[in-house]
Amino acid sequence: MDKSKRQFLQGSGAMIAGISLYVLTNGEVAGEQQKSAVKYAMLHDENKCIGCNACADNCRKVNQVPEGVARLEIIRTGPFGEYPNQYYHFTRKSCEQCEDSPCVHVCPTGAAFKDENTGIVSVNSWKCVGCQYCIAACPYHIRFINPVTKAADKCDFCRETQLKQGKQPACVEACPTKALVFGDLNDPNSEIVKALEENPVYRNKRDLGTHPKLFRIQAKQGGINV
Amino acid sequence: MSPFHFEHLVWHWPIAFYLFFAGVSGGAMFFAVLLKNFILRGDAYKSGFVQAACIVAPITVMAGLGILVTDLTKPLHFWKIMVFYNLTSVMSVGVIILCIYMVFMFLWIALVFRPVIDEWCRTRFPWVLKLSAFLSSSEATITGLLVILALALGAYTGFLLSALPGYPMLKNPVLPILFLLSALSSGAAASLLGGVLMKGNPDGREVHLIHKIEIPLILVEMVAIFTFFLGLVLTGGQAKVAAANALGFGFWGVVFWVGILLVGLSVPLAMNLFMTATAKRRFAYVAGTATCSLIGVILLRHFILYAGQMTIA
Ligand code: SF4
Ligand code: SF4
Ligand code: SF4
């Protein structure tokens, strides 16, 4: 085979090898779980939740979330049961604070990041260019573009607001039935670790391997849905 | 549900065109190198097909990059992608590849047209000749890297979408291969169409070579599409639902069966076989076939992007 043809084939071969290597090494990086000093998590007790929206309202106020978008929504399903004993179910729609977060992996600038000290997944709105890759990558579809900052936005466990002042997240503070518990998974004496040990909990879409840190206690009654 | 607006739709048609343009550029450069190294050698610059590829590739890659930038919510902050890269992000790696690719693309084009450039500069800017002689001495390296980068660009457009775990149809290992193959055929089609428009001989050696590669390329592309959807069906769950939603009787189903399988793949395959068998290559045949391929690839990008986002995990 003459020289120019050989060069051409060598180039093609090197490309394939390069891509396989890139995919392999990234697969490993993506599988890692971070060891941080503090690992914040949240628990939503759907039995206690009455769907009053106090959490979502306070979140909007404290974090200055513009109208039309939301970091937190309470999703209502139902009614279940027969009149007059009808009831609804409420579940929380907000960032699941994935340990292995797709949004962080895909962000081209590192604007979507996980804080090394607290494990909180957050957004650096200055670094964000608004490519919306993270919005497409988040399997829980909870990210949005903030119409004011034009950057990606989402629940950050009130990292920039309440936590900085040593307070509990705004939604947790606002809840009248104490349906929300927030705390450090690494602290065996924390309220959240105790609550997680005492209750059967579930998390959304665990099969995707995202390791979400938003835990939920399932409401007892419900419709039968196969 | 409207085909262009539905819940959970994040990326719209500009991204489909971005993916298309990046692919055409990489594909066109791939075939240009092929034509030069396998048949044309030093005469490459005289060929209408190589000329066409050398015009199409820079225009499409810059158009693609332009679309990507204007589609950002903060287009003026684009430089941050270059400064703060993140190697786990396919987009970040892709932008790096794109930029290096552009450098080598221009170097290679300059080498192809070296006789013309040298001639023009001989009396006006004699120092350019030294520069081009230096470039010429590393021609092998430049060509090799260009081929690697062109193929990487084609595959990258597929990896970009397959990194989205929320959409079972997109999170599919066959997608990068499918997009690479269709990027190559779109590059071939663009070079052929541009070539005959630029008075290249429709029965020339270039057309013969490209057609010889296109036939197996289309066949493998069909196999890849088949594997793509069979994989989804066998995975079951939401992946199966996604396949049914995409291929069913909706708008995107029609786009797939008529636009992609019939117009984009079957017609060009039949025409290529016909032209090879009868050795009748006329302007209209070559141009018509290439147009069909290009339409097919544009539709494929839109189909995968939109149908892919219709079903969530
Ligand atoms: S829920 Fe979405 S935004 Fe939150 S960490 Fe996971 S992937 Fe990121
Ligand atoms: S929109 Fe912003 S945060 Fe999201 S991936 Fe793009 S740059 Fe990163
Ligand atoms: S933790 Fe803070 S940002 Fe997150 S939902 Fe609650 S109030 Fe909103």
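Model, not experiment: these values are computed from the prediction.

Around ligand 2, 13 residues are found, and the nearest of them are Cys 107, Cys 128, Cys 131, Gln 132 and Cys 134 of chain A. A breakdown of the residues in the shell around ligand 2 according to their chemical character gives nine nonpolar, three polar and one charged.

So, on to the interface of chain B and chain A. Quoted interface sizes are often the accessible area lost when the parts come together. The partner chain A presents 42 residues to the 43 residues of chain B that form the contact. Between chain B and chain A, roughly 3600 Å² of surface is buried when both sides are summed, and carbon and sulfur atoms account for 68% of that area. Three residues stand out in chain B for area buried against chain A, namely Thr 73, Lys 74 and Phe 84 of chain B, and they jointly supply 16% of the buried area on that side. Seen at the junction of chain B and chain A, the total is zero salt bridges. For the interface between chain B and chain A, the tally reads 16 residue pairs in polar contact (both at pLDDT 80 or more). Contributing elements (two or more residues each) for the side of chain B that touches chain A: helix H1 (13-40), helix H3 (79-83), helix H4 (90-112) and helix H7 (139-162) of chain B. If you tally residues by element for the side of chain B that touches chain A, the top one is H7 of chain B, at nine residues. Partitioned by chemical class, the residues of the side of chain B that touches chain A number 29 nonpolar, ten polar and four charged.

This paragraph deals with the pairing of strand E9 (residues 214-217) of chain A. Residue and element names in this part refer to chain A. Of the two faces of E9, the one carrying Leu 214 and Arg 216 and the one carrying Phe 215 and Ile 217 are both buried. Direction of pairing for strand E1 (residues 40-45) relative to E9: parallel, over a ladder of four bridges. Its bridge partner being in E9, His 44 is matched across the sheet by Arg 216.

Moving on: unusual backbone geometry. Residues and elements named next belong to chain A. With an omega dihedral of 0°, the bond running from Gly 78 to Pro 79 counts as a cis peptide bond. By secondary structure assignment, the location of Pro 79 is in strand E2 (residues 73-80). Here the amide bond leading from Tyr 83 into Pro 84 is cis, since omega sits at 5°, within 30 degrees of zero. In this fold, Pro 84 is placed in the loop between E2 and strand E3 (87-93). Residues other than glycine seldom take positive phi values, yet Gln 97 does so here, at roughly 50°.

How each quantity is defined
- Residues numbered from 1 in each chain as written.
- Chains lettered and ligands numbered in written order.
- Predicted model: local features only at pLDDT ≥ 70, side-chain atom pairs only at ≥ 80, totals over all residues.
- Heavy atoms only, no water.
- Near = heavy atom within 4 Å.
- Nonpolar A, V, L, I, M, F, W, Y, C, P; charged D, E, K, R; others polar.
- Contact = heavy atoms within 4.5 Å.
- Buried area = accessible area lost by both parts, 1.4 Å probe.
- Salt bridge = Lys/Arg side-chain N within 4 Å of Asp/Glu carboxyl O.
- Polar contact = N/O pair within 3.5 Å; in protein donor to acceptor, adjacent residues only side chain to side chain.
- Helix = DSSP H or I, 4+ residues; strand = E, 2+ residues; numbered from the N terminus.
- Buried < 20%, exposed > 50% of the residue type's maximum accessible area, 1.4 Å probe, protein only.
- Pairing = 2+ DSSP bridges.

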